[in-house]
Amino acid sequence: MTAISGSAAAVTGAASGIGRALAHELALRGCDLAIADRDEAGLQAGVAEIAKAIEITKVSPRKVTVHRLDVSEPGQIRAFAEAAGAAHPGLNIVVNNAGVALLGEFGEIEQAQMEWLFNINFWGVVHGTRAFLPQLARQREAHIVNISSIFGILAPPGQSAYCAAKFAVRGFSESLRHELAVANSPVRLSVVHPGGVATNIARNSRTGAGITDNARRSEAIERFDALARTTPTAAAQRIITGIEKNQPRILIGKDARFMDLLQRFRPGTYWKVMQRLMEKTAARRIAREAAQAGSMREVAK
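A brief look at the structure comes next.

Quick notes on the overall build of the chain
Then, number 1: Per the secondary structure count, the chain includes 10 helices and 9 strands.
Then, number 2: Expected size for 301 residues packed as a compact globule is a radius of gyration near 19 Å; at 20 Å, the chain falls within 12% of this value.
Then, number 3: For the chain, the spread of C-alpha atoms along the three principal axes comes to 65 × 45 × 35 Å.
Then, number 4: The buried share of the chain, reckoned over its 301 residues, is 47%.
Then, number 5: Intrachain contacts of the chain at a sequence separation of at least 6 include 72% that bridge at least 24 residues.

Laid out in structure tokens, this is it:
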């Protein structure tokens, strides 16, 4: 077991989405925090939310330190680890959460764009793990949480860069977990595979240089919003349960659990099944929207 109450956690990408929700939920469970992101305003808003929630619930106030961090810069990650360790000597949980998205097929993405994504989604995780691991290893119990994706288990078209990075996070994390176990390290490691979580990652995504049609971006965002059924709070709570139980693999959402099983049973042909399901879902959505539009016209009459 990795106890949350009395621990201290470093969380990257904590200004929004899963990271922000996770910081909030950890604080309410008695965990001190070192939260980091490029978005300093978002971090401060998150701190205000935590303070308000603590006041309402009357739980003990937590120590929260705020750190500006670009995880694509290894030097900044090392500085963050040093500052977080100095502020929280007992720091024993690290969540490498920061991530970005890039829309486009492989031929539509420039090499520099793919490297930009890898520097954040993969190397950010690797550098974060390397920077914090020595101090985690000095604790009686410690935990690393690396955020992959359901796209680290299966790979849809149009996500070649994102899938490559998230599969890499999975492989790195699983191998390191085995190394830590063989060494009898006090550090445990969980890799997280969220399905559709209602964050702004799609809206904030970059578009491949070879894409000139804005309609594709709009369609991708609309499709993501329609499928993202899990709230960031629910995702955060599931991650915390995984930490407490030292679960090596954390799937978030019914969609993630379904796609994980589908990939196991149909490892070479799962996308044909997914494509049919997505077409049915899109058809139902169009029919529903048409019915709603018809009802509105009747009301207008």
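Further notes follow.
Here we look at the packing of helix H5 (residues 123-137) against helix H6 (residues 160-182)
Then, number 1: Closest axis-to-axis distance for the H5/H6 pair is 11 Å, and the angle between their directions is 25 degrees. Here H6 runs roughly parallel to H5, going by the angle between their axes. Where H5 abuts H6, its residues Val125, Val126, Thr129 and Leu133 lie against Val169, Phe172, Leu176 and Leu180.
Then, number 2: A class-by-class count of the residues in the contact of H5 with H6 yields 7 nonpolar, 1 polar and no charged.

Describing the sheet that holds strand E3 (residues 64-68)
Then, number 1: If you trace the 7 strands from one edge of the open sheet to the other, you get E3-E2-E1-E4-E6-E7-E9, paired in parallel fashion. Single-partner strands in this sheet number two, and they are E3 and strand E9 (249-252). Averaged over all pairs of adjacent strands, the angle between their axes in this sheet comes to 15 degrees, without regard to strand direction.
Then, number 2: Judged from the 3 bridges that link them, strand E1 (residues 8-12) and strand E4 (residues 93-96) form a sheet pairing that is parallel. By the bridge assignment for E4, alanine 10 is matched with valine 94.
Then, number 3: Across the sheet, helix H8 (residues 232-244) touches E4, strand E6 (142-147), strand E7 (187-194) and E9, and the angle it forms with E9 is around 160 degrees.

A look at a positive patch on the surface
Then, number 1: A cluster of basic residues, Arg266, Lys272, Arg276 and Lys280, forms a positive patch at the surface.
Then, number 2: By the element assignment, lysine 272 lies in helix H10 (residues 270-300).
Then, number 3: Since its relative accessible area comes to 54%, lysine 272 is described here as exposed.

Things to note about the side chain of threonine 230
Then, number 1: Here threonine 230 shows up in the loop between helix H7 (214-227) and H8.
Then, number 2: The residues touching threonine 230, leaving out its near neighbours within four places in the chain, are Gly196, Val197, Ala198, Ala235, Ile252 and Gly253.

A short note on helix H3 (residues 74-87)
Then, number 1: Under the 1.5 Å per step criterion, the end-to-end length of H3 is 20 Å for 14 residues, consistent within 8% with the ideal 20 Å.
Then, number 2: Here H3 has its buried residues at Ile77, Phe80, Ala81, Ala84 and Gly85. End-on, the buried residues of H3 take up no more than an arc of 125 degrees, which puts them together on one face. Along H3, exposed side chains directed more than 90 degrees from the buried face belong to Arg78, Glu82 and Ala86.
Then, number 3: Among the structural elements, E1, strand E2 (32-37), E3 and H5 are those in contact with the buried residues of H3.

About the criteria used
- Residues numbered from 1 in each chain as written.
- Predicted model: local features only at pLDDT ≥ 70, side-chain atom pairs only at ≥ 80, totals over all residues.
- Heavy atoms only, no water.
- Helix = DSSP H or I, 4+ residues; strand = E, 2+ residues; numbered from the N terminus.
- Rg over C-alpha atoms; globule rule 2.2 N^0.38 Å.
- Buried < 20%, exposed > 50% of the residue type's maximum accessible area, 1.4 Å probe, protein only.
- Contact = heavy atoms within 4.5 Å.
- Axes fitted to C-alpha atoms, helices over the stretch in contact; angles between N-to-C directions.
- Parallel < 35°, antiparallel > 145°, perpendicular 65-115°, else oblique.
- Nonpolar A, V, L, I, M, F, W, Y, C, P; charged D, E, K, R; others polar.
- Pairing = 2+ DSSP bridges.
- Patch = residues over 30% accessible without salt bridge, like charges linked within 9 Å, V, L, I, M, F, W, Y side chains within 5 Å.
- Areas by Shrake-Rupley, 256 points an atom, 1.4 Å probe, with all protein chains shown as cover.
- Salt bridge = Lys/Arg side-chain N within 4 Å of Asp/Glu carboxyl O.
- Lys, Arg positive; Asp, Glu negative; His and termini not counted.
- Charge placed at Lys NZ, Arg CZ, Asp CG, Glu CD.
- Expected span 1.5 Å × (residues − 1).
- Arc of directions from axis to C-beta.

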